[in-house]
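An overview of the molecular structure
Here is what each chain is made of, one letter per residue.
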Amino acid sequence: MKIDIHCHILPKSWPDLKERYGYGGWIQLHHHCQGKAKMMKDGKLFRVIDDNCWDPEARIKEMDATGVTVQALSTVPVMFSYWAKAEDTLDLCRIINDDLAATIAKHPTRFVGLCTLPMQAPALAAKELRRCVKELGFCGVQIGSHVGDWNLDAKELRPVFAVAEEVGASVFIHPWDMDMGGRMSKYWLPWLVGMPGETAVAICSMIFGGVLEEFPHLKVCFAHGGGAFPFTIGRIEHGFNVRPDLCAVDNQVNPRKYIGQLYTDTLVHDQKALRYLVDVIGEVCIVFLFLFVFGFFGFTLFGFSFCHGVCFFYIKSPDPDK
């Protein structure tokens with residue numbers, strides 16, 4: 001069985017959010033021609049997407065063509081909306097999560113779900129996570145690499161991690177909300193180098209902040225091969241050893257100890273980088289995926305020969321015979 005964990009999808013439509021909430025900043029989907037739609041933000045084009053980004057039937061055809069058995073579906077990170085009023089983000093999360101649950105119900109042997117949460121309001125997020133796992137049957141959650149000014153070590157976020165550990169929800173962490181201005185405004189730098197940096201910050205925050213010590217059974221996977229973290233672990237460990245006054249203030253455990261506890265996907269776009277990732281993180285902690293993500297476009301196999309079809313680490317197969 002081949003299970004792809006990094007698979008963004010959208011509802012085919014949703015309400016006019018500016019009208020619904022009374023202010024802008026939201027993404028809307030405009031179906032302007034057959035098989036394509038425009039993601040629009042306050043009247044400006046964000047991205048043009050194909051029907052495989054909202055149509056499960058189109059998605060399944062491509063899964064069959066590439067030998068993928070199951071996809072773990074999650075929303076597009078731009079939909080996280082941690083910047084908005086908490087009650088509005090919760091409402092949008094429920095729209096997205098309920099739509100995702102309906103898609104899974106129609107194709108229960110092909111899809112499983114990762115919910116989205118209003119992380120800026122941890123109590124609401126924890127409640128919605130519990131609903132998605134207990135009532136909708138989701139296997140986990142996708143969250144951003146930070147929540148406003150909170151890195152993932154923030155004490156405010158601990159109740160969400162506590163519920164995730166309690167209900168056995170896998171946590172897939174995706175970079176988002178990169179610096180878009182100044183020196184980063186050209187050459188698509190926020191996506192090319194900002195995302196790997198974001199993911200490394202998320203990992204270091206969870207390690208140095210003691211999150212994985214407080215929640216030892218928390219199941220965490222990081223997108224894009226863990227970003228810059230696997231390739232800078234030596235520098236990170238060295239800093240921990242020589243400047244404990246700065247790095248070990250909240251957790252005295254060597255960062256390298258968590259190798260084997262953290263998981264990553266295989267999306268590194270380079271065979272040599274993938275070999276190195278396997279050497280550093282460990283083969284059993286590398287999660288197989290096909291590239292079915294927004295931004296880089298396309299549908300391309302990455303790294304299967306090195307991962308030996310390793311599946312998403314804790315999701316249960318929707319097919320009881322597999």
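Refer to the preceding data block for the structure.
Below or above, wherever it landed, is the structure these notes cover. (Residues numbered from 1 in each chain as written. Predicted model: local features only at pLDDT ≥ 70, side-chain atom pairs only at ≥ 80, totals over all residues. Heavy atoms only, no water.)

1. A few points about the overall build of the chain
In plain terms, the rule: In DSSP terms, a helix is any run of H or I states spanning at least four residues, a strand is any run of E spanning at least two, and both are numbered starting from the N terminus. Contacts are residue-level and defined by heavy atoms, with any inter-residue pair within 4.5 Å sufficient. Residue-level accessible areas treat just the shown protein chains as cover; the underlying method is Shrake-Rupley with a 1.4 Å probe.
The secondary structure content of the chain amounts to 11 helices and 13 strands. At a minimum sequence separation of 6, the contacts of the chain that also span at least 24 residues come to 69%. With the model as given, the accessible surface of the chain reaches about 14,200 Å², and the carbon-plus-sulfur share is 54%.

2. A look at the packing of helix α4 (residues 122-134) against helix α5 (residues 158-167)
Stated formally: Helix axes use the C-alpha atoms of the stretch in contact, all axes being lines fitted to C-alpha atoms, and the angles between their N-to-C directions lie in the range 0 to 180 degrees. Oblique is the label for every angle not falling under 35 degrees (roughly parallel), over 145 degrees (roughly antiparallel), or within 65 to 115 degrees (roughly perpendicular). By the definition used in this description, the sense in which the near helix is turned from the far one sets the handedness, with an anticlockwise turn below a right angle giving left-handed and a clockwise turn giving right-handed.
One can describe the packing of α4 onto α5 by two numbers: an axis separation of 8 Å at closest approach and a directional angle of 15°. Considering the angle they form, α4 stands roughly parallel to α5. Here the hand of the crossing between α4 and α5 comes out right-handed. Across the interface between the two elements, P122, A125, A126, L129, R130, V133 and K134 from α4 touch P159, V160, V163, A164, E166 and V167 from α5.

3. Section: the packing of aromatic side chains
To keep things clear, this is the line we draw: Centre distance within 6.5 Å is the pairing criterion for rings of Phe, Tyr and Trp, where only the six-membered ring of Trp is used; planes under 30 degrees apart are then read as stacked, over 60 as edge-to-face, and the remainder as tilted. Classification of residues uses two cut-offs on accessible area relative to the type maximum, computed with a 1.4 Å probe and protein chains only: under 20% is buried, over 50% is exposed, and between them is partly exposed.
Enumeration according to the criterion identifies 10 aromatic pairs in this entry. Between F231 and Y276, the aromatic rings sit 5.2 Å apart at their centres with planes inclined by 25°, giving stacked as the arrangement. Here F231, found in helix α8 (residues 229-242), pairs with Y276, found in helix α10 (residues 271-281); they are 45 residues apart in sequence, far enough to count as distant. Overall, F231 belongs to the partly exposed group, its relative accessible area being 37%. Here the aromatic residues Y21, Y23, W26 and W83 are joined through ring pairs into a cluster of three or more.

4. Points about the packing of α8 against α10
The condition that has to hold: Each residue gets one label: Ala, Val, Leu, Ile, Met, Phe, Trp, Tyr, Cys and Pro are nonpolar, Asp, Glu, Lys and Arg are charged, and the others, such as Gly, are polar.
Orientation of α8 relative to α10, taken along the N-to-C sense of each, is 50°, at an axis distance of 9 Å. One element, α8, and the other, α10, form an angle in the oblique class. Note on element contacts: α10 touches α8 through A273, Y276, L277, V280 and I281, opposite P230, F231 and I233. Across the contact of α8 with α10, the residue classes break down as eight nonpolar, no polar and no charged.

5. Here we look at the sheet that holds strand β9 (residues 219-222)
One key point about sheets: their strands pair by backbone hydrogen bonds, in either a parallel or an antiparallel sense. Operational definition: In this scheme, strands are said to pair when DSSP sees at least two bridges between them.
The strand order across the open sheet built from eight strands is β1-β5-β6-β7-β8-β9-β10-β11, with neighbouring strands paired in parallel fashion. Lying at the two open borders of the sheet, with one neighbouring strand each, are β1 (3-8) and β11 (286-287). Relative to strand β7 (residues 140-144), strand β6 (residues 111-115) runs parallel, the two being bridged by two bridges. Paired with L114 across the strands is G140, a residue of β7. Sheet contacts for helix α6 (residues 189-208): β8 (170-174) and β9; angle to β9, the most-contacted strand, approximately 155°.

6. Side note on the nonpolar core
Under the convention used in this document: Within this scheme, the nonpolar core is defined by two criteria: the residues are buried Ala, Val, Leu, Ile, Met, Phe, Trp, Tyr or Cys, and they are joined through side-chain atoms within 4.5 Å.
Ranked by size, the top nonpolar core spans 78 residues in total, and within it M119, L129, I143, I173, M206, L218 and F229 carry the most contacts. With seven residues, the top contributor of residues to this core is α6. Once residues lying within four places of it in the same chain are set aside, the contact partners of I173 are I143, G144, S145, L152, A202, M206, V220, C221, F222 and A223. One finds I27, L29, I49 and V76 within the second-largest nonpolar core, a separate group that totals 18 residues.

7. Section: the pattern of salt bridges
Test applied: Just to be clear on terms, a salt bridge is a Lys or Arg side-chain nitrogen sitting within 4 Å of an Asp or Glu carboxyl oxygen.
Within the structure shown, the criterion is met by 11 salt bridges. A network of salt bridges, in which partner residues are shared, links R94, D98, E128 and R131.

8. Overview of the side chain of T116
Summarising the element assignment, T116 is placed in the loop between β6 and α4. The residues touching T116, leaving out its near neighbours within four places in the chain, are T75, F80, C93, I96, N97, E128 and Q142.

9. As for the pairing of β7
Condition: For the handedness criterion, the strands are oriented away from the viewer, and a crossover whose path from the first strand over the helix to the second runs clockwise is classed as right-handed.
Burial within β7 is extensive, with five of its five residues counted as buried. Both β7 and β8 contribute to a ladder of five bridges, which runs parallel. Residue pairing in the sheet places V141 in a bridge with V171 of β8. The parallel pair β7 and β8, bridged by α5, forms a crossover whose chirality is right-handed.

10. Brief notes about the sheet that holds strand β3 (residues 36-41)
With antiparallel pairing, three strands are arranged side by side in an open sheet as β2-β3-β4. Here the strands that pair on one side only, and so sit at the sheet edges, are β2 (27-33) and β4 (44-50). Averaged over neighbouring strand pairs, the angle between their axes works out to 30° when direction is ignored. With five bridges joining them, β2 and β3 adopt antiparallel strand pairing. Bridge assignment links I27 to a residue of β3, and that residue is K41.

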